[in-house]
Amino acid sequence: MNSLPIRSNMPDQTLTMKAVLWEGKPYQMVVREVPRPTIQTPTDVIVRVTTAAICGTDLHTYHGLFGGSDVPYQMGHEAIGIVDQVGSSVKTLKKGDRVIIPDGYRIGDQNFIYGEGNLSEEGFELQSLGGCQGKCPPCLSRSLLTISAEYVRVVDGDSALFSIPQGIEHELDYLACADIFATAWTSITQTGFQPGDSVAVYGAGPVGLLAAYSALFRGAIRVYSIDHVEARLVRAESIGAIPIDLRKGDPSTQILKLEASGVQRVSDCVGFECVNPQLKPQEGYIINDALKLVTIGGGFAITGVYASNPKNKGGPLQGPQWATIPLDIATYWLKGPTINGGIIFTSQAEPTLKDLVTAGRVQPGFVFDHIVHIDQAPEAYRLFSEHKIQKAAIKFEHWP
């Protein structure tokens, strides 16, 4: 989504705002003053952000594994806020409306817009990529949206933004819908899930935890939640999942003692930064362990990110050796599971989940356990990276 601030044509009158930036240094985020966005086209909407969140995908950038052609650039792709200005052609939104800013959205027929915002002498400048154009790795090399800021510009606001009720009672529940809940929900769908299925979810971070939550809500008979962080396993058990400690050995071995034929559905909510039971990085570990665990004819969704790009200033620790995974093709051939996954465009699930929150049927905001002011965002990144918190929300000074 094109949601980066653009400097006004009159620099002496430019207003500024705070934003979280990545400057190309692994394990460092900063908060800087940057130009505030302005209306550029008749379909634009300027949103005053009330809360944003730090996503696991953002950590790939924080770790120096994702990046772009240049630095610095603005971070974040999960937020909700209040409409501050609308372009002359905007029909469905008005100043004061509360909205979810989704992580990626559809424009026209299968056309998706990604934003890149490099900080130059002229401030933040947009580069729009209409559709993937065969450039998915570059698209993935920076956050799909960049909205950890006090204000954002949203192109084609009528079709991009989702209105939510006034009030802040379910603020964090709606914030979860901006990305992680929709991603988790879609991951379970991509496994081919049916009520009564047994499910295993690799990862009990925010997305993995909400994938387990989604499966249980949708009628799974049993859900196994796999992780190596004790606090995450405790949280998974608290929502009704069966915790599986990776440190105790291969999850497939542990679960097959309880499910002799395996589980019908498996979701990988970790991706390329996964580790093995010795807690050593092993990129193909989950995929091959999942093949051992899934039943004959079952379903497996690869939701965690797998990507490879050449090293550059925006991703100094990335390398082209990644994303080449030895696959146990014999086990795959014998079992014939369906493997699904890839980039999830959350706007497809968002209307349903927003309505479930509004109706009080789901409360996905339970994953947030750390709320900070934007000035504390760099420290929140560190805590999240070190697995000391489950999920951080960024609160702004103009919190209603």
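Treat the numbers as computed from the prediction; the structure is a model and nothing was measured.

Criteria and thresholds
Residues numbered from 1 in each chain as written. Predicted model: local features only at pLDDT ≥ 70, side-chain atom pairs only at ≥ 80, totals over all residues. Heavy atoms only, no water. Helix = DSSP H or I, 4+ residues; strand = E, 2+ residues; numbered from the N terminus. Contact = heavy atoms within 4.5 Å. Areas by Shrake-Rupley, 256 points an atom, 1.4 Å probe, with all protein chains shown as cover. pLDDT = per-residue confidence, 0-100. Core = buried A, V, L, I, M, F, W, Y, C linked by side-chain atoms within 4.5 Å. Buried < 20%, exposed > 50% of the residue type's maximum accessible area, 1.4 Å probe, protein only. 1 Å grid on protein atoms, 1.4 Å probe; cavity = no way out; pocket = protein on both sides within 12 Å on 5 of 7 lines; lining within 4 Å. Points joined across faces, edges and corners; volume = space filled by probe spheres on them. Phe/Tyr/Trp six-rings, centres within 6.5 Å; stacked < 30°, edge-to-face > 60°. Lys NZ or Arg CZ within 6 Å of the ring centre and 35° of its normal. Pairing = 2+ DSSP bridges. Right-handed = clockwise from strand over helix to strand, strands pointing away. Salt bridge = Lys/Arg side-chain N within 4 Å of Asp/Glu carboxyl O. Axes fitted to C-alpha atoms, helices over the stretch in contact; angles between N-to-C directions. Arc of directions from axis to C-beta.

**Q** I would appreciate a short explanation of the overall build of the chain in the present structure.
**A** Scanning the chain for helices and strands turns up 12 helices and 18 strands. Excluding contacts between residues fewer than 6 apart, the proportion of contacts in the chain whose partners are at least 24 apart in sequence is 74%. Carbon and sulfur atoms make up 53% of the accessible area of the chain, which totals about 15,600 Å².

**Q** What exactly am I supposed to notice about the confidence of the model for the chain here?
**A** The predicted coordinates ought not to be read in detail in places where the model reports low pLDDT. Confidence in the prediction of the chain, expressed as mean pLDDT, is 84, and 83% of residues score 70 or more. Note that pLDDT drops below 50 for residues 105-145; the model gives that stretch 116 contacts with residues more than four away or on any other chain.

**Q** I would appreciate a short explanation of the nonpolar core in the present structure.
**A** General note: in soluble globular proteins, nonpolar side chains tend to be found buried as a group. Counting 40 residues, the largest nonpolar core has Ile100, Phe181, Val199, Val223 and Leu353 as the members making the most contacts within it. Every element with two or more residues in this core is listed here: β10 (162-164), α4 (171-177), α5 (180-190), β11 (198-202), α6 (206-217) and α11 (350-358). Among the elements that take part in this core, α6 stands out by supplying 7 residues, more than any other. Beyond its immediate stretch of four places on either side in the chain, Phe181 contacts Ala176, Leu210, Tyr213, Ser214, Leu353, Val362 and Pro364. If you look at the next biggest cluster of nonpolar residues, it comprises 35 residues, including Met29, Ala52, Val71 and Val90.

**Q** When you look at the side chain of Ser225 in this model, what are you seeing that I'm missing?
**A** Looking at where Ser225 falls in the secondary structure, it is placed in strand β12 (residues 222-227). We classify Ser225 as buried; its relative accessible area is 0%. With residues near it in sequence (within four places) discarded, Ser225 still touches Val201, Gly203, Ala204, Leu233, Ala236, Ala241, Ile242, Pro243 and Ile244.

**Q** Would you mind showing me how to read the layout of surface pockets here?
**A** Gaps between atoms show up when a probe of the same size as a water molecule is rolled over them. Its boundaries defined by the atoms lining it, the largest pocket holds a volume of some 1,100 Å³. Around the largest pocket sit 50 residues that line it, and Gly56, His60, Cys269, Val270 and Gly304 are the ones nearest its centre. For the lining of the largest pocket, the secondary-structure elements that each account for two or more residues are α1 (56-62), α2 (136-140), α5, α6, β12, α9 (285-293) and α12 (377-385). At 4 residues, α1 tops the list of elements feeding residues into the lining of the largest pocket.

**Q** What am I meant to see in the environment of Ile180 here?
**A** Considering the arrangement of structural elements, one finds Ile180 in helix α5. On the accessibility criterion, Ile180 (1% relative accessible area) is buried. Between the C-alpha atoms of Ile180 and Val367, which are 187 residues apart in sequence, the distance is 9.9 Å. When neighbours within four sequence positions are excluded, Ile180 is seen to be in contact with Cys55, Glu78, Pro206, Val207, Leu210, Val367 and Lys391.

**Q** Would you explain the packing of aromatic side chains in this entry?
**A** Aromatic ring pairs are reported here in terms of the distance separating the ring centres and the angle at which the planes meet. One pass over the full model with this rule turns up 6 aromatic pairs. Centroid distance Trp185 to Phe217: 6.1 Å. Interplanar angle 50 degrees. Geometry classified as tilted. Here Trp185, found in helix α5, pairs with Phe217, found in helix α6; they are 32 residues apart in sequence, far enough to count as distant. Judged by its relative accessible area of 30%, Phe217 falls in the partly exposed class. Stacked on the ring of Trp185, the Lys or Arg Arg218 has its end atom at 4.6 Å from the ring centre.

**Q** Looking at this model, I keep getting lost on unusual backbone geometry. Mind explaining?
**A** Both trends apply: most residues other than glycine have a negative phi, and most peptide bonds are in trans. With phi around 55 degrees, Asp156 is a residue other than glycine that occupies positive phi space. Tracing the sequence through the fold places Asp156 in the loop between β9 (151-154) and α3 (157-160). Overall, Asp156 belongs to the partly exposed group, its relative accessible area being 22%. The backbone of His387 sits at a positive phi, close to 60 degrees, despite the residue not being glycine.

**Q** Would you take a moment to explain the pairing of strand β18 (residues 392-395) for this structure?
**A** The pairing of strand β3 (residues 45-53) with β18 spans 3 bridges and is classified as antiparallel. Bridge pairing in β18 links Thr51 to Lys395. Regarding the hand of the β-α-β motif, the stretch spanning strand β17 (residues 370-373), α12 and β18 is right-handed.

**Q** What is the right way to look at the pattern of salt bridges in this model?
**A** Close approach of charged atoms allows side chains with opposite charge to pair. One pass over the full model with this rule turns up 16 salt bridges. Between Arg32 and Glu23 there is a salt bridge whose closest N-O contact spans 3.1 Å. Given a relative accessible area of 38%, Arg32 falls into the partly exposed group. When the shortest N-O distance is used, the salt bridge between Arg222 and Glu259 registers 2.4 Å. With Arg222 in strand β12 and Glu259 in the loop between α8 (251-256) and β14 (263-268), this residue pair connects regions lying 37 residues apart in the sequence. Through salt bridges with shared partners, a single ionic network connects Glu379, Arg382, Glu386 and Lys388.

**Q** Looking at this structure, how should I read the sheet that holds β14?
**A** Hydrogen bonds between backbone groups are what pair the strands of a sheet, and the pairing can be parallel or antiparallel. The strand order across the open sheet built from 6 strands is β13-β12-β11-β14-β15-β16, with neighbouring strands paired in parallel fashion. A strand with exactly one partner marks an edge of an open sheet, and here the two such strands are β13 (242-245) and β16 (338-341). Ignoring which end each strand starts from, the neighbouring axes of this sheet average 20 degrees apart. Of the pairings in the sheet, the one linking β11 to β12 comprises 5 bridges and is parallel in character. In the strand pairing of β12, Tyr202 is matched with Ile226. Against the sheet, α6 contacts β11 and β12, and its axis sits at roughly 170 degrees relative to β11.

**Q** Just checking my understanding: could you explain helix α7 (residues 230-238) for this structure?
**A** Think of an α-helix as 3.6 residues a turn; residues three or four steps apart then line up on the same face. Considered for burial, the residues of α7 that qualify are Arg232, Leu233 and Ala236. Looking down the long axis of α7, one finds its buried residues gathered within 100 degrees of arc, a one-sided arrangement. α7 presents Ala231 and Ser238 as exposed residues on the side facing more than 90 degrees away from its buried surface. Taken together, the buried residues of α7 touch α6, β12, β13 and α12. Positive phi appears at Gly240, one or two residues downstream of α7, with a value of about 105 degrees.

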